[in-house]
Amino acid sequence: MALDDMPEAGTIEIDALVIGAGPVGLFAVFELGLVDIKSLVIDILGKPGGQCSELYPEKPIYDIPALPTVTGQELTDRLLEQVKPFGAKFVFGERVDELQRGEDGRFHIKTDAGRAVVAKVVVIAAGGGSFTPKRPPIEGIEAYEGKSVHYAVRRMEDLRGKDVLIVGGGDSALDWTLNLAPLAKSLTLLHRRDEFRGAPHSVEQMRALVAEGRVRLIIGQMAKIDGADGELEAVTVKTAAGEEKLPINAMLPFFGLTMKLGPVAHWGLNLNENLILVDTERFETSEKGIFAIGDINWYPGKLKLILSGFHEAALMAQAAHKIVHPDKKLLFQYTTSSSSLQKKLGVK
Ligand code: FAD
């Protein structure tokens, strides 16, 4: 892998700082590379891929152009492969906390680990910001988190043969019900009412599994959990008929994510309901030289899709080129026919 981690301290000088190594931040490295802009990517997570690798690594995505189906992790791996020729630097496990313009016109950045970066342009690809799953209001649940209570499925295999309880009525709860039913020992879906917010097709599939007896659907709420040393043994649920104690050893509550903008809120950028306002020509924020792409930005008609973020990255790179290389004219070129682009890609 071309990831060139940078453990050493000290100020790093770079053309572009990309905040966030989600799919859009990764593709930004590619588009910036094509126009001779070197990138440093910083992400608070310990690995690249953003939501794709953190929230749904094994789930297929069906709307990436030319890839009829690709999982969140495969997409991340392919993007990493694609950016390889540009030798970008990556820092993981650090949050970008401070961002201000210095007297020299460049941006001075600090991470929570005290790392200093000076960059000519900044690309905020921070997605939902510091996203954290909402915790169910159940006493003592913290002790089970990461062991037998999970807010995301990292490896489906870990749930094989278990008595699984999924709680929630949205897409995540339904999708994981469908995906895990074949490998769990038993699977119970608990939702507070018999109406689901998820995709109608998923609701239909879930109801079919319930009819076949492969999934148990309970309409009710969690009341209590029991277990020891972080390992769940039972979950008591409250229904219209009374309380029932279910033997459960893995629970997946999907109560949604809280989107915390985090430090981005304090950088003086114009916002629209916690999203960064950008124009649709350059995807620049209210501050010249600071761009925002992917889920973190807003403009009329914005769709929070990976493919929208890819488009935004391409136009952003054109605008960033004017700042990083003010004396160079940028020629529009195709990768299929430009020998100079092919040289940069290492295919010539
Ligand atoms: P993210 O993937 O959110 O990545 C942002 C990164 O920035 C994160 O890694 C975060 O840790 C980091 N970060 C944030 N703030 C800081 C900071 N201050 N310092 C350092 N790092 C920071 N989209 C589709 O197009 N098709 C689909 O089928 C699809 N399915 C989905 C299914 C699920 C279950 C979910 C949750 C989402 C789905 N999406 C889908 C949406 C898609 O995942 C997002 O649109 C995409 O991840 C946005 O990419 P991004 O790079 O903008 O942000």
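The text that follows walks through the structure, step by step, so that each part is easy to find. Position numbers for residues count from 1 along each chain, tracking the sequence in the order it is written. For a predicted model such as this one, the threshold for reporting local features is a pLDDT of at least 70, and the threshold for listing and counting side-chain atom pairs is 80 or more; totals across whole chains, interfaces and linings nevertheless cover every residue. Only hydrogens and water are removed before side-chain values are computed, so all heavy atoms of the structure are retained for them.

Re the overall build of the protein chain
Right, so step 1: A run of DSSP states H or I qualifies as a helix once it reaches four residues; a run of E qualifies as a strand once it reaches two. Both are numbered from the N-terminal end. Counting its secondary structure elements, the protein chain contains seven helices and 21 strands.
Right, so step 2: For the radius of gyration, the atoms used are the C-alpha atoms, and the globule rule reads 2.2 Å times the number of residues raised to 0.38. At 23 Å, the protein chain has a C-alpha radius of gyration in line with the 20 Å of a compact globule built from 348 residues.
Right, so step 3: Taken over the C-alpha atoms alone, the protein chain extends approximately 75 × 40 × 40 Å along its principal axes.
Right, so step 4: Among the 348 residues that make up the protein chain, the fraction classed as buried is 50%.
Right, so step 5: We get accessible surface area from the Shrake-Rupley algorithm with a probe of 1.4 Å; when it comes to residues, only the shown protein chains can shield them. Accessible surface, the protein chain: about 17000 Å² in total, of which carbon and sulfur atoms supply 51%. Residue exposure (1.4 Å probe, protein chains only): buried if accessible area is under 20% of the type maximum, exposed if over 50%, otherwise partly exposed.

Notes on the sheet that holds strand E19 (residues 275-277)
Right, so step 1: With respect to topology, three strands assemble into an open sheet ordered E18-E19-E21, the strand pairing being mixed. Among the strands making up the open sheet, the edge pair consists of strand E18 (271-272) and strand E21 (297-298). Two strands qualify as a pair provided DSSP detects at least 2 bridges between them.

Description of the pairing of strand E3 (residues 39-43)
A regular strand places its side chains so that they alternate between the two faces of the sheet.
Right, so step 1: Judged by how many residues are buried, E3 sits mostly within the fold: five of five residues are covered.
Right, so step 2: Here E3 shows a buried face lined by Ser-39, Val-41 and Asp-43 and a second buried face lined by Leu-40 and Ile-42.
Right, so step 3: Bridge analysis of strand E2 (residues 12-19) against E3 gives four bridges, and the strand direction is parallel. Across the sheet, residue Ile-19 finds its bridge partner in E3, namely Ile-42.
Right, so step 4: One ladder, built from four bridges, connects E3 with strand E6 (residues 89-92); its direction is parallel. Of the residues in E6, the one forming a bridge with Leu-40 is Lys-89.

Digging into the packing of helix H1 (residues 23-34) against helix H6 (residues 306-324)
Right, so step 1: A fitted line through C-alpha atoms represents every axis, and for helices the fit uses only the stretch in contact; the resulting angles, taken between N-to-C directions, go from 0 to 180 degrees. Closest axis-to-axis distance for the H1/H6 pair is 8 Å, and the angle between their directions is 35 degrees. Like other packed secondary-structure pairs, H1 and H6 cross with a definite hand, here right-handed. Packed against H1, whose contacting residues are Pro-23, Val-24, Phe-27, Ala-28, Glu-31 and Leu-32, the element H6 presents Ile-306, Gly-309, Phe-310, Ala-313, Ala-314, Met-316, Ala-317 and Ala-320 at the interface.
Right, so step 2: Residue polarity follows a fixed list, in which Ala, Val, Leu, Ile, Met, Phe, Trp, Tyr, Cys and Pro are nonpolar, Asp, Glu, Lys and Arg are charged, and the others, Gly among them, are polar. Class assignment of the residues belonging to the contact of H1 with H6 gives a composition of twelve nonpolar, one polar and one charged. Should the near helix be turned anticlockwise from the far one by less than a right angle, the crossing is left-handed, and should it be turned clockwise, the crossing is right-handed. We call two residues contacting when some pair of their heavy atoms lies within 4.5 Å.

Remarks on the sheet that holds strand E16 (residues 250-253)
Right, so step 1: The six strands lie next to each other as E15-E14-E13-E12-E11-E16, forming an open sheet whose pairing is mixed. Strands with a single pairing partner mark the edges of an open sheet, and in this sheet they are strand E15 (242-247) and E16. Here the average twist between neighbouring strands, direction ignored, is 35 degrees.
Right, so step 2: Contacting strand E11 (163-167), strand E12 (186-191) and E16, helix H4 (residues 171-180) runs over the sheet at an angle of about 165 degrees to E12.

A word on the packing of aromatic side chains
Right, so step 1: Between rings of Phe, Tyr and Trp, where Trp is taken as its six-membered ring, a pair exists when centres lie within 6.5 Å; planes separated by under 30 degrees are stacked, by over 60 edge-to-face, and by other angles tilted. Inspection of every chain in the model, using the stated rule, returns six aromatic pairs.
Right, so step 2: Taking the centre distance of 5.3 Å and the plane angle of 75 degrees together, the rings of Phe-332 and Tyr-334 count as edge-to-face. Of the two residues examined, Phe-332 and Tyr-334, each falls in the exposed class.
Right, so step 3: Site record: aromatic cluster; members linked through ring pairs are Phe-27, Phe-30, Phe-86 and Phe-310.
Right, so step 4: In this scheme, Lys NZ or Arg CZ marks a charge over a ring once it lies within 6 Å of the ring centre and within 35 degrees of the ring normal. The residue whose ring lies beneath Lys-59 is Trp-176, and the NZ or CZ to ring-centre distance is 5.9 Å.

Thoughts on the side chain of Ser-148
Right, so step 1: Here Ser-148 lies in the loop between strand E10 (130-133) and E11.
Right, so step 2: With relative accessibility at 1%, the residue Ser-148 sits in the buried group.
Right, so step 3: Only 2.6 Å separates the side chain of Ser-148 from the backbone oxygen of Gly-230, close enough to count as a polar contact.
Right, so step 4: When near neighbours in sequence (up to four residues on either side) are disregarded, Ser-148 contacts Gly-230, Glu-231, Leu-232, Asn-249, Ala-250 and Met-251. Any pair of nitrogen or oxygen atoms within 3.5 Å is treated as a polar contact; in protein, a donor-acceptor pairing is required on top of that, and neighbouring residues in sequence qualify only through side-chain atoms on both sides.

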